[in-house]
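Listed here are the chains, written in short residue letters.
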Amino acid sequence: MSATQPTIAAIATAPGRGGVGVIRLSGKNLLPLAQTLSGGKTPKPRTALYTDFLGGDGQPIDNGILLYFAAPASFTGEDVIELQGHGGPVVMDMLLSRCLELGARMAEPGEFTKRAFLNNKLDLAQAESVADLIDASSKSAARMALRSLKGAFSQHIHELVDDLITLRMLVEATLDFPEEDIDFLEAADARGKLQALQGRLKTVLASAEQGAILREGMNVVLVGAPNVGKSSLLNALAGDDIAIVTDIAGTTRDTVREQITLDGVPVHIIDTAGLRETDDVVEQIGIERSRKAVSEADVALILIDPREGVNAKTQAILNSLPAGLKKIEIHNKADLTGEPVAVRSDGLAQTGADTVISLSAKTGAGLDLLKHALLQEVGWQGESESLFLARSRHLNALHKAEAELENAALCDNNQIELFAEHLRLAQNACSEITGEFTADDLLGVIFSRFCIGK
């Protein structure tokens, strides 16, 4: 990074009142600023200094702990100061204003982490895991984000890149000695090395896909004709009275959302307003929102009354579902129908679903079967130490690298230049994950989604 980067400052703790509030600064040569704030005291690196924080008139704004981290031994790789004072919004704003008076500017979202990346303190995958750790919605997601922050994911990517570089060296060396290319590549077992690379990439991709499930979770919509028990099922899954339940059709006039966690995987459940034609303007808005929720869903739970089967209203709903949407058919009210609680995958579904589950939202019988089926639908295999959180851009890059290696495998011995080019493109795709080969505009998108102060 350029040495002319300005000093940045931000409140690093959450908005609102708290026992402690933290202001973070990062820049070049911040020791004089620390001395000014503390009334001439000189903090020792990595040693807490209890002091008053002084305003421009020399009067204390607050008192607390000042921590000074000298470059390059800091989170950003620059000089970093942390002011730990009392966590009142007014006090924090006054102290931040004083830092701005002393030459700092307000930090942009994610700018501290971006500087850590640009100063080679973190690679891009590790930097993203900082935000993932903050946003983790389950204990499993938090554990996997921490593993990525410590470099587990990056290590796998670096190993792939190293192996690609080795193979590229073998292949491209033949371009300097074309009369020996085929014999040289056969002796070096270039094809065998390529197959081994493809196997390792497939393993990393499988772990990344599982990690993406853990990070993103799944969106599940409850659909069905009025009064089949959608709201009752939502309440049963959530373990609370989230939605109003009555015998009156159209009680749910808007989408109702709730998040639960199944085996560490966040599940976003949406109870939809009945998808039907109506003259009620308010209900029409709810139905339109329901259609949008269905379009974004991973799995649809289609509730039917087994006493009626797929009636005209249910069939109209089925006709409106997106092609390819995964479906589980739910026979609710087993306590009333006498239908045994069970999971069936025997082709008896009336809705085109692969799985049929009989349950009772009222008694809770069969809910565990449904939860297990949901995890199966998204391919979740359970948490393991080999997993790491992955984002869609990571998956896209790995799929691109996989395709390039497949293209390389199709090259014959007379296409050495093309073989080498596919290997180069595969390496670039992998390097995009850690930021060794990344466009500046992508960095702007990634770090703009961070919170301010991180």
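Keep in mind it's a predicted model, so treat the numbers as computed, not measured. (Residues numbered from 1 in each chain as written. Predicted model: local features only at pLDDT ≥ 70, side-chain atom pairs only at ≥ 80, totals over all residues. Heavy atoms only, no water.)

A. Up close: the side chain of Ser207. Inspection of the secondary structure assignment puts Ser207 in helix 8 (residues 190-216). Note on Ser207: relative accessible area 10%, which makes it buried. Not counting the four nearest positions on each side in its chain, Ser207 is found in contact with Ser386, Leu387 and Phe388. (Helix = DSSP H or I, 4+ residues; strand = E, 2+ residues; numbered from the N terminus. Buried < 20%, exposed > 50% of the residue type's maximum accessible area, 1.4 Å probe, protein only. Contact = heavy atoms within 4.5 Å.)

B. Molecular detail of the nonpolar core. Counting 35 residues, the largest nonpolar core has Leu233, Leu301, Ile328, Ile330, Leu370 and Leu374 as its most contacted members. The biggest single contributor to this core is helix 13 (residues 367-377), with five residues. Two domains share this core, each providing at least three of its residues, namely domain 2 (129-212 + 391-434) and domain 3 (229-377). Not counting the four nearest positions on each side in its chain, Ile328 is found in contact with Val299, Ala300, Leu301, Ile302, Ala353, Thr355, Ile357, Leu370, Ala373, Leu374 and Glu377. Ranked by size, the runner-up nonpolar core spans 33 residues in total, among them Leu164, Leu197, Phe388 and Ile416. (Core = buried A, V, L, I, M, F, W, Y, C linked by side-chain atoms within 4.5 Å. Domains from an automatic or database assignment.)

C. Structural detail: the sheet that holds strand 12 (residues 342-344). Pairing in this open sheet of seven strands is mixed, and the strands run 8-9-7-10-11-13-12 from one edge to the other. Edge positions in the sheet fall to strand 8 (256-262) and strand 12, since each of these pairs with one other strand and no more. Averaged over all neighbouring strand pairs, the angle between strand axes comes to 25°, with direction disregarded. Pairing between strand 7 (residues 218-224) and strand 10 (residues 299-304): five bridges, direction parallel. Counterpart to Val223 in the pairing with strand 10 is Ile302. (Pairing = 2+ DSSP bridges. Axes fitted to C-alpha atoms, helices over the stretch in contact; angles between N-to-C directions.)

D. Expanded view of the layout of surface pockets. Considered as a void within the structure, the second largest pocket measures approximately 290 Å³ in volume. Along the wall of the second largest pocket there are 20 residues; nearest its centre are Ile11, Ala12, Thr13, Ala14 and Pro15. At the level of secondary structure, the elements contributing two or more residues to the lining of the second largest pocket comprise strand 2 (18-27) and helix 2 (89-101). Class assignment of the residues belonging to the lining of the second largest pocket gives a composition of ten nonpolar, six polar and four charged. (1 Å grid on protein atoms, 1.4 Å probe; cavity = no way out; pocket = protein on both sides within 12 Å on 5 of 7 lines; lining within 4 Å. Points joined across faces, edges and corners; volume = space filled by probe spheres on them. Nonpolar A, V, L, I, M, F, W, Y, C, P; charged D, E, K, R; others polar.)

E. How the structure looks around the pairing of strand 13 (residues 355-358). Taking every second residue as pointing to the same face, both faces of strand 13 are buried, with Thr355 and Ile357 on one and Val356 and Ser358 on the other. Relative to strand 13, strand 11 (residues 326-331) runs parallel, the two sharing four bridges. Bridged to Ile330 within strand 13 is Ile357. Pairing between strand 12 and strand 13: three bridges, direction antiparallel. Directly across from Ala342, in strand 13, lies its bridge partner Ser358.

F. Inspection of the sheet that holds strand 3 (residues 49-54) at higher detail. Here we have six strands laid out as an open sheet, ordered 3-4-5-2-1-6, and mixed in their pairing. Whereas interior strands pair on both sides, the edge strands pair on one side only; in this sheet they are strand 3 and strand 6 (105-106). Strand direction decides the pairing type here: strand 4 (residues 60-69) and strand 5 (residues 79-87), joined by five bridges, are antiparallel. Paired with Tyr68 across the bridge in strand 5 is Ile81. Across the face of the sheet, helix 2 comes into contact with strand 1 (8-11), strand 2, strand 3, strand 4, strand 5 and strand 6 while running at roughly 15° to strand 2.

G. The packing of aromatic side chains, seen in detail. All told, the structure shown has one aromatic pair when counted by the stated rule. Pairing Phe153 with Phe388 gives two aromatic rings, centres 4.4 Å apart and planes at 15°, and the pair type is stacked. Separated by 235 residues along the polypeptide, Phe153 in helix 6 (residues 152-176) and Phe388 in the loop between helix 13 and helix 14 (392-410) bring together distant segments of the chain. For Arg24, the ring lying beneath its charged end belongs to Phe75, and the centroid distance is 5.9 Å. Lying over the aromatic face of Phe112, Arg24 brings its terminal NZ or CZ to 5.6 Å of the ring centre. (Phe/Tyr/Trp six-rings, centres within 6.5 Å; stacked < 30°, edge-to-face > 60°. Lys NZ or Arg CZ within 6 Å of the ring centre and 35° of its normal.)

H. Structural context of the pattern of salt bridges. Following the criterion strictly, the structure yields 15 salt bridges and no others. Across the pair Arg24 and Glu82 runs a salt bridge whose closest N-O atoms are separated by 3.2 Å. With Arg24 in strand 2 and Glu82 in strand 5, this residue pair connects regions lying 58 residues apart in the sequence. For the pair Arg24 and Glu82, one class covers both residues: buried. In this structure, Arg424 and Glu421 form a salt bridge, with 2.6 Å as the shortest nitrogen-oxygen distance. Of this pair, Arg424 and Glu421 both sit in helix 15 (residues 416-434), separated by three residues, roughly a single helical turn. Judged by its relative accessible area of 29%, Arg424 falls in the partly exposed class. Taking the relative accessible area as the measure of exposure, Glu421 reaches 32% and is therefore partly exposed. One network of salt bridges, in which partners are shared, links Glu128, Asp132, Arg215, Glu216, Arg391 and Arg393. (Salt bridge = Lys/Arg side-chain N within 4 Å of Asp/Glu carboxyl O.)

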